[in-house]
Every structure is written in C-alpha cells, then in structure tokens.
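Next come the chains, spelled out residue by residue.
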Amino acid sequence: MRKQSGTEVFRITGARQGLADDVRGRQRRYIISMSVRTVSVVLAATLWNVERHVAVVALALGVLLPYVAVVIANAGRENAPSLPTTFVPAPMRPALGAASGAAPAEPGADPGTAGRTGDPRTAD
C-alpha cells in the first residue's frame, strides 16, 4: 500500500446529478405542470355555466401555470444543500513529542540536563 501525502480525497456522494438525469427531471416537471394546466382549462370551460367562481379560479390557474412551469423547468442545475461537502481533508497526525505529554526540550540543550536547574555550562 502506497502512502500519498498531500493528495485530495473526494466523496462520490457529493457529486452532482448527471446532466441527462437533470434534463429528464426538468422535462418531467414541465409535463406534469402543463397537464395540470390542461385539466384546469377544460374544467373552466366545463364549469363556466354551472359554478362560475370555480371556473374563474381554474381559468386563472390555466393562465398563470405556463409561466410558473417554464420558470421551474429552466431553474438550472443546483447543488442540493443536504449533500456532504466533496472535499475530505487529510487527517493530521500529532507530532511524536506532543503525544507523550512531556514538554519539549529547549533547542541545543543536552537531553540529560532537561530536568536540572541552573546553567549546565557552569557545572564544570
């Protein structure tokens, strides 16, 4: 097993939806919206002499829904906020001296004199 330091790791769960799947989903939403519009226009024509208030609401829905359907279909590709980030930082390993809990020695000091008081140069 090779160690690769400094490499970036990416999660596949954070990848965006494929372009073909995205287009298919937008087409499906548009077809559903336009089907609801067609039903509402037919309902408005059918109920015009029976229940005028319901017919007016259905006609307003039939007039406004194409605009809403086009805006929803052309919303474009967006990242889902619920997905995790795509970048996983490399884990940081602690330094060898910091793991033992001992205070690091001063630079240039003799390891045998770490606990003594006084200047080791004058101990001659």
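Analysis parameters
Residues numbered from 1 in each chain as written. Predicted model: local features only at pLDDT ≥ 70, side-chain atom pairs only at ≥ 80, totals over all residues. Heavy atoms only, no water. Helix = DSSP H or I, 4+ residues; strand = E, 2+ residues; numbered from the N terminus. Areas by Shrake-Rupley, 256 points an atom, 1.4 Å probe, with all protein chains shown as cover. Buried < 20%, exposed > 50% of the residue type's maximum accessible area, 1.4 Å probe, protein only. Contact = heavy atoms within 4.5 Å. Patch = residues over 30% accessible without salt bridge, like charges linked within 9 Å, V, L, I, M, F, W, Y side chains within 5 Å. Salt bridge = Lys/Arg side-chain N within 4 Å of Asp/Glu carboxyl O. Axes fitted to C-alpha atoms, helices over the stretch in contact; angles between N-to-C directions. Parallel < 35°, antiparallel > 145°, perpendicular 65-115°, else oblique. Left-handed = near helix turned anticlockwise from the far one by under 90°. Nonpolar A, V, L, I, M, F, W, Y, C, P; charged D, E, K, R; others polar.

**Things to note about the overall build of the protein chain**
Counting its secondary structure elements, the protein chain contains 3 helices and 2 strands. When its helices and strands are written in sequence order, the protein chain yields β-α-α-β-α. Of the roughly 10700 Å² of accessible surface on the protein chain, 62% is carried by carbon and sulfur atoms.

**Points about the environment of proline 66**
Within the fold, proline 66 resides in helix H2 (residues 52-73). Classification of proline 66 by relative accessible area gives partly exposed; the value is 22%. For the pair formed by proline 66 and tyrosine 30, sequence separation is 36 residues and the distance between their alpha carbons is 8.8 Å. Beyond its immediate chain neighbours, meaning those up to four positions away, proline 66 contacts Met34 and Arg37.

**Overview of a nonpolar patch on the surface**
On the surface, Trp48, Val56, Leu59, Val63 and Leu64 cluster together into a nonpolar patch covering about 460 Å² of accessible area. Topologically, valine 63 is positioned in helix H2.

**Structural notes on the side chain of serine 33**
Structurally, serine 33 can be placed in helix H1 (residues 19-47). On the basis of relative accessibility, which here comes to 15%, the residue serine 33 falls in the buried class. Serine 33 has contacts with Leu65 and Ala69, leaving out every residue within four places of it along the chain.

**A word on the environment of valine 63**
Classification of valine 63 as exposed rests on a relative accessible area of 56%. Between the alpha carbons of valine 63 and serine 40 there is a distance of 9.3 Å; along the sequence they are 23 residues apart.

**Points about the pattern of salt bridges**
Scanning all chains against the criterion turns up 2 salt bridges. Residues arginine 26 and aspartate 22 are paired through a salt bridge, measuring 3.2 Å at the closest nitrogen-oxygen approach. Here arginine 26 pairs with aspartate 22, and both are found in helix H1, just 4 residues apart, close to one helical turn. For arginine 26, a relative accessible area of 19% gives the class buried.

**Quick notes on the packing of H1 against H2**
Direction vectors running N to C along H1 and H2 enclose 160°, while the axes themselves pass 8 Å from each other. The angle between H1 and H2 falls in the class roughly antiparallel. Pair H1 / H2 crosses with left-handed handedness. Grouping the amino acids of the contact of H1 with H2 by side-chain chemistry returns 18 nonpolar, 3 polar and 4 charged.

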